[in-house]
Amino acid sequence: MTLSLVSPDDIRSAFSQAMSDMYRQEVPQYGDLLELVANINRETLAADPALAARLDAQNETSRLDVERHGAIRVGTAEELSTLRRVFALMGMFPVSYYDLSEAGVPVHSTAFRPIDEDSLRRNPFRVFTSLLRLELIENDDLRRQAASILAERDIFTPAARELIELGERQGGFDRDQAERFVTEILETFRWHRDATVDHETYQALHDAHRLIADVVCFRGPHINHLTPRTLDIDAAQAAMPDYGITPKAVIEGPPKREWPILLRQTSFKALEEPVRFAGSDGGTHTARFGEIEQRGMALTPKGRALYDELLAKSRQAPPAADNLAHQRQLSEYFTAFPDDLDALQRDALAYFHYAISESGRQRLADGEPAPASLDEALAADWIDATPITYEDFLPVSAAGIFQSNLGDARHQAYANESNQGAFELALGRPVHDEFELYGRLQEDSLARVRQQLGLDG
Ligand code: OOG
Ligand code: NI
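Residues numbered from 1 in each chain as written. Chains lettered and ligands numbered in written order. Predicted model: local features only at pLDDT ≥ 70, side-chain atom pairs only at ≥ 80, totals over all residues. Heavy atoms only, no water.

Engineer: Before we move on, could you go through the packing of helix 5 (residues 77-88) against helix 8 (residues 158-170) and cite the residues and values that matter?
Structural biologist: Contact geometry for helix 5 and helix 8: axes closest at 10 Å, N-to-C directions at 50°. The angle between helix 5 and helix 8 falls in the class oblique. Regarding helix 5 and helix 8, the two cross each other, and that crossing is left-handed. For the pair formed by helix 5 and helix 8, the contact residues are E78, T82, R85 and V86 on the first element and R161, I164, E165 and E168 on the second. By residue class, the composition of the contact of helix 5 with helix 8 is 2 nonpolar, 1 polar and 5 charged. (Axes fitted to C-alpha atoms, helices over the stretch in contact; angles between N-to-C directions. Helix = DSSP H or I, 4+ residues; strand = E, 2+ residues; numbered from the N terminus. Parallel < 35°, antiparallel > 145°, perpendicular 65-115°, else oblique. Left-handed = near helix turned anticlockwise from the far one by under 90°. Contact = heavy atoms within 4.5 Å. Nonpolar A, V, L, I, M, F, W, Y, C, P; charged D, E, K, R; others polar.)

Right, dumping it as structure tokens:
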């Protein structure tokens, strides 16, 4: 009997939809956020037909509504490596290493996401996944206690564990198995109102760092936010209060530009939610929030270095009073970052996808001889260059998102604690290098164009 296997892309889509439905039930404000984003996107497209046409031409319009990311935090190497196996069955692979300890958050992270072009187009859903670094808890007793609490939980249902084994053995799932897999894995991300520890233990861990309590005291790594994609994050930030949502103070990432780069993000503050501690004490826990993102183009290492340099400079200035002032200030620093496509391409600051243009196709069909080189072909409009969308995250922005949810307590940086090797050991494999992935997308598109124009070598 041969098994007819479902595409991992379909499983990822089904999973992200199921998670979205669950989160809307759990956090009603997330539904309001989705409504706000849908309205802003509709208005933006209506007001900017050129943008609408460009998104359509790039098949991005259908992606717009599904574009979401989520985030979770786990406590042990076993939890992380099992998640790696779960996500692989959905066509998601770990990309990049993020060290948040520099920002005083005792975790390090990766993003599980699709990596090839078709899969990204089908559904780019990704999950920012952080591993708690117990070794950064200073108090020996507390650290040992946290480790033993974590050792007792299993964040996966028995059926989920069986399905992971089955999926790996078969190289995928049939339709029925895929459905059960999504249902069982969803359980791992569900919110549990009952903490696994008593109030006193919760408080001790919370006092060490609020994030430690969040990771250690519950049965599972509840999804802590989901993030729809907006076409105009400035408008979204401004509209949040109209929807009864309080935004964080400033939008993270680069300023507004003609040609957006990387990633801009804002969020609403985490909610204070009722929980029950062991021994039936009532209390509250603050972890879950909502976020909005606007994605721009992926930058080359050179472009990224310029971004990091300008951002670092802007952060030396005194903090601005509000988001508008912050954006104005940021824009001034970023005048040093070219904002037209030709310059971005010529200076190799961003990654591009190359394809034969409409006119190039016509000229080929008419039997016109193709230009002798790619440069000539570009200059003579035989080729279109379209920026490749950034699919990853920014450590400084992520730190800002974490921190806006950590209340007023400011945390010292943990000194020199970046440890990609330890993270990869826990994960069970190295993470992909994002620059290598974007570079490959660009190279593949160039190879196709070369072949179509008969420019070998
Ligand atoms: C993750 C925060 C980082 C982002 O979009 O940069 C993040 C977390 O709070 O667990 O999601
Ligand atoms: Ni996020």
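From this point, the narrative continues.
Engineer: Residue-level account of the sheet that holds strand 2 (residues 93-99), with values.
Structural biologist: Pairing is mixed across the open sheet formed by 5 strands, whose spatial order is 2-3-4-1-5. At either end of the open sheet lies a strand with only one pairing partner, and these are strand 2 and strand 5 (225-228). Put simply, the sheet's adjacent strands are angled 20° from each other on average, direction ignored. Helix 1 (residues 8-26) rests against strand 1 (68-74) and strand 5 of the sheet, and its axis sits at about 115° to strand 5. (Pairing = 2+ DSSP bridges.)

Engineer: I'd like to hear about unusual backbone geometry, residue by residue, with values.
Structural biologist: Even without glycine at this site, S96 takes up a positive phi of about 70°. Checked against the element boundaries, S96 lands in strand 2. The exposure class of S96 is buried, given its relative accessible area of 9%. Backbone geometry at A348 places phi at a positive 50°, although glycine is not the residue there. Classification of A348 by relative accessible area gives partly exposed; the value is 39%. (Buried < 20%, exposed > 50% of the residue type's maximum accessible area, 1.4 Å probe, protein only.)

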